[in-house]
Amino acid sequence: MRMKKSKVPSILNKFSVAYLVQILVAFTISGFLFMGVSYFQKNKTFLKEINSYAESFANVIAYPLWSYDFDAVGRYTQVFAENKDVYAVSVFDDAGKTVISWVSPYSKEAIPAELSKKIIKPVFFNNKKIGAVEILYSKERLKSFVNSYILLMLCLIVVLTIIMLIGSRYLIKNYILVPFEILSDAIEEVEKGKYEYDAIGRDVKFREFGKLLNEIEKMVNAIKSREDELSEVNEELSILLKSMPDGFVLMDSGGNILQVNESFVEMFKYSEEKLKNMNVMDLSDETFSKNLFKNYLEEALKNGLTSFRWIAKSKDGRSFWIFVRLSVVVLKGEKYFIALVHDIDEEVKLQEKLKESEEKFRAFAENTKAAVFLYSEYFEYVNPATCQILGYSEEEMLKMHFWEVVHPEEQMLVKERGLKRLEGDEVPQSYEFRIVRKDGKVRWIEFVADHIEIKNRKLALGTAIDITPRKVYQEGLKQEKEKLAATLRSIAEGVVVLDEKGRVSIVNKAAEKLFNQKEKDLVGLNCNEVLSFYFEDELGTREIKKVSLSFKEIIEGYQNDKLFLYKDNGDELFVAVSGSPVRINQKILGGIVVISDITEHEIYKREIVKQKKLESLATLAAGIAHDFNNLLQVLQGNIELALIKASDDLKPILERAQISLKKATGLAQRLLTFAKGGAPIKKKIENVGEFLKNMANLFLAGSSIKTIFEIAPDLYPIEADPTQLEQVFNNIFTNARDVLKNKGTITIKAENFFYDKKKYASLPLKEKYLKYIHITIEDNGPGIPHEILERIFEPYFTTKKYGTGLGLAVAYSVISKHEGYITAENNPSGGAIFHIYLPVKEGLEEKPKPKIVKIEEKDVPHSVLKKGGKETIEDFDFSSLNILFMDDEEDVRDVAEDFAYALNCNIVCVANGEDAVKEYKDALNRGERFDIVFVDLTVVGGMGGEETLKELKKIDPDVKVVVSSGYAHSAAMSQFKKLGFVNVLPKPYLLEDFKRVIFESLSD
């Protein structure tokens, strides 16, 4: 009901005291604001004044202070201090020492810091700082102003307050107490349950109280409505309690049960009436202390709520864990407990199992042979096996980053993956890497790790086992697998599947290619119609016979690698055929035939046959060449010495003998080509094209043969033995000249060749080289008969009446020892073509930058220094040289002594390395030194050249040793510098060779 608007006056019209209060507050605020502004202005003026006084005082005492007139400074200070605002004055010189210190006599006690202001001013004289003044000012003047103002304001406030109190008493009595009596009557009616209240007709003097009575009437009606709603809520609450999965219990402060829900009844198996007559502690298991439960009740009373775990016991005797949330509520002034009970028996048992599992895990981790560890950036837990594998103690491990134990080559990978794993990123969970033990040993481990979180900390759990033995085995197995894989990749296998009647049922793509027929054309045919091959008879007459495989042969197990097929172009395709039965429970259901293309293998096999034929002469050639060269050395050396001393009549005879010896030397050199391990003495051939032109012009000179050169301009340089290559081209050009009968055309081509194993599978080149020089020499003669084409590189095979059969065999041996390949074929249009592939060493195609070598005087032999550092052999002083010469042949030593005599130098000859080392050591002890040492590579029953070099290097690291031999059976002759020799002197050699090697070795 709305009250009608009346002319009842407003309470605000009568409560004039409110206006008084507003005036009082406004007056007070304005007064204090005015005081604050005034104080700020006075303080600003005060600071300005004292700064000005301080500046003036500093200027006045500047001169007396500069002239050390401290009396004048004192007088000026006293005059300045007469200002009552000054509390203390101190004057300091430029060193900070106090000159004058004055305190005001008007102050009986120290002035508080908040009532003082300190000012420090520097004192300058002639723009130079000579001291400082420190002045402490008193703010008593400002304090007096503030105190007076506050006193005045207080007086005014007291007067206004008294006026307000008198007016308020009258107004409150007449205009507030009466309306409150009316309100009190209304409240009493509501307390009695009378919710019908009529506010009309009540005598109120102010319309505000009229509105209030109207609102009270609305409130009474609302209370009645809410009481009805509360009844509905109680009913809903009862339903809620019944439907709660957790138990609910209401208890008094002593723990006596007052109310429970159905879940609580179901949990404890007692009836609701029985439970209401029980104390909550009666539901406790005997193992759970009732005093402890009381402590929880007290804690809830103190804090308002608590939670705990409790072992309860139901009516049927079952003990089980529950989780209790206990809170305190106040109803009608008394405290009660409300508890929500959750059955956690399964969870507790699960936790116990988890704890047991953790204990088992720890027992496992502590006793397992595998490393188990936790890590973040550092190791946080390591088991004994981890320490055993790595060789560190547990204390040392826990101070280390997890990646510190990893091998340097894999450390960054493991670190990166480990840190990503800690962040939860996807990284491989398991992999293998190397670790470095504390003792420096490297071991392989198999590592497995996963990301985990423990107490909101990101960690990783890792395990590792030492797989070093397995890795060693795997490495060996890997090598074998790689060999097997390489073999499998190099062959093409066809598979033909037969049914139980011997008919073709499946043909794979490789078999289709071998037979040059489609599967649909072969399926259903009998096996002997498809599996037909060719072979040569065992007598070697090259009679070709055909064989067709029967089903019986296949299921009995067939093996044959002597068969071949014909390609469309007529070439032979060599195959290995194997057949086997397909059995299930001993019953033959068919057969499988595997056909392997072994053409490349057959080519390799024939190449090996060639090699073995060459190697069959290796031992004989080596022995003959070595002994023969020693004999040639003696003969050649003596003939050359005889030529020096012989008369004019004898010289022609000796010169003819010398020419014959040179031919014999060439024959020995050709024999050496077959010697096992006779490595070429390689040099860099910068311009291969020019080298080929020179060879062709040299060996074809005097003939009418036309030479055509097709040389690529960008040929790579190669490393090769020029002398041996001369033999190769000499033999090829000589054969071509004989076949062409000094007329016809020879075309010489050279180009860069890039080797691709897959593309050029039939070429038996070495895969370690990617670049080759491909040289072809083609003539337009009759060609090479097909029946002898495969034998032309065999030793002693020749079609010439007076031929030796060594020419092309030497060429084949030389190219092989240069790690290249040589082959021949007939040109379909006529003539023969020789193909030569010479490898290009990696990086050799880049021209090296010239090196500037600074030669110190101490590095130049004294024989060179005597000639003023000239490096020509004509000016070289051999007479001052001391030579140590070692060879097991006495005749060779005699020739060396004669050579030394001819050069007018000193020489000591010994028969073996032991004597050479002794002689060198004795010479050093005497203060002498051999300028150069010659050693024979092989010494029968004694220390050879390589061992002698090692021993001499121990005595004198700067010793210069030249290796000499009639047979290059080791790398010493071709790779002498890598072994530490300064030069090489092949036998036989002339006096000029002896001189040249000495000069080159000592001038290097």
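Each value, and the rule that gives it
Residues numbered from 1 in each chain as written. Predicted model: local features only at pLDDT ≥ 70, side-chain atom pairs only at ≥ 80, totals over all residues. Heavy atoms only, no water. Axes fitted to C-alpha atoms, helices over the stretch in contact; angles between N-to-C directions. Helix = DSSP H or I, 4+ residues; strand = E, 2+ residues; numbered from the N terminus. Left-handed = near helix turned anticlockwise from the far one by under 90°. Contact = heavy atoms within 4.5 Å. Nonpolar A, V, L, I, M, F, W, Y, C, P; charged D, E, K, R; others polar. Parallel < 35°, antiparallel > 145°, perpendicular 65-115°, else oblique. 1 Å grid on protein atoms, 1.4 Å probe; cavity = no way out; pocket = protein on both sides within 12 Å on 5 of 7 lines; lining within 4 Å. Points joined across faces, edges and corners; volume = space filled by probe spheres on them. Pairing = 2+ DSSP bridges.

A. Main features of the packing of helix H24 (residues 722-740) against helix H25 (residues 807-817). Packing of H24 against H25 leaves a shortest axis separation of 9 Å and a crossing angle of 145°. The interaxial crossing formed by H24 with H25 has left-handed handedness. Across the interface between the two elements, Gln724, Leu725, Gln727, Val728, Asn731, Ile732 and Asn735 from H24 touch Gly807, Leu808, Val810, Ala811, Val814 and Ile815 from H25. Considering only residue class, the contact of H24 with H25 consists of 8 nonpolar, 5 polar and no charged.

B. Inspection of the packing of helix H27 (residues 890-903) against helix H31 (residues 991-1003) at higher detail. At their nearest, the axes of H27 and H31 sit 11 Å apart, and the two run at 70° to each other. With respect to each other, H27 and H31 are oriented roughly perpendicular. Residues Phe899, Ala902 and Leu903 of H27 touch H31, and the partners they reach there are Leu991, Phe994, Lys995 and Ile998. Looking at side-chain class alone, the contact of H27 with H31 contains 6 nonpolar, no polar and 1 charged residues.

C. Region of the structure containing empty space enclosed by the protein. Scanning the entire structure with this criterion turns up 3 cavities of 30 Å³ or more. In this structure, the largest cavity occupies an estimated 170 Å³ of space. What lines the largest cavity is a set of 16 residues, and nearest its centre among them are Phe373, Phe379, Val405, Phe433 and Ile445. Taken together, the residues of the lining of the largest cavity break down into 15 nonpolar, 1 polar and no charged. What lines the second largest cavity is simply Val249, Met251, Phe264, Val280, Phe293, Trp310, Val324, Leu326, Ala339 and Val341. Elements supplying a minimum of two residues to the lining of the second largest cavity: strand E5 (247-252), strand E8 (319-331) and strand E9 (334-343). Class assignment of the residues belonging to the lining of the second largest cavity gives a composition of 10 nonpolar, no polar and no charged.

D. Just the sheet that holds strand E4 (residues 128-138), in detail. Strand order in the open sheet formed by 4 strands is E2-E1-E4-E3, and the pairing between neighbours is antiparallel. Every other strand in the sheet has two partners, leaving strand E2 (98-103) and strand E3 (116-125) as the edge strands with one partner each. Across the sheet, the mean angle from the axis of one strand to that of its neighbour is 15°, orientation sign disregarded. In this structure, strand E1 (residues 86-93) lies alongside E2, joined through 5 bridges in antiparallel fashion. When the sheet's bridge partners are listed, Val91 is paired in E2 with Ile100. Helix H4 (residues 70-81) rests against E1, E2 and E4 of the sheet, and its axis sits at about 25° to E2.

All quantities given are derived from atomic positions and should not be read as evidence of function.
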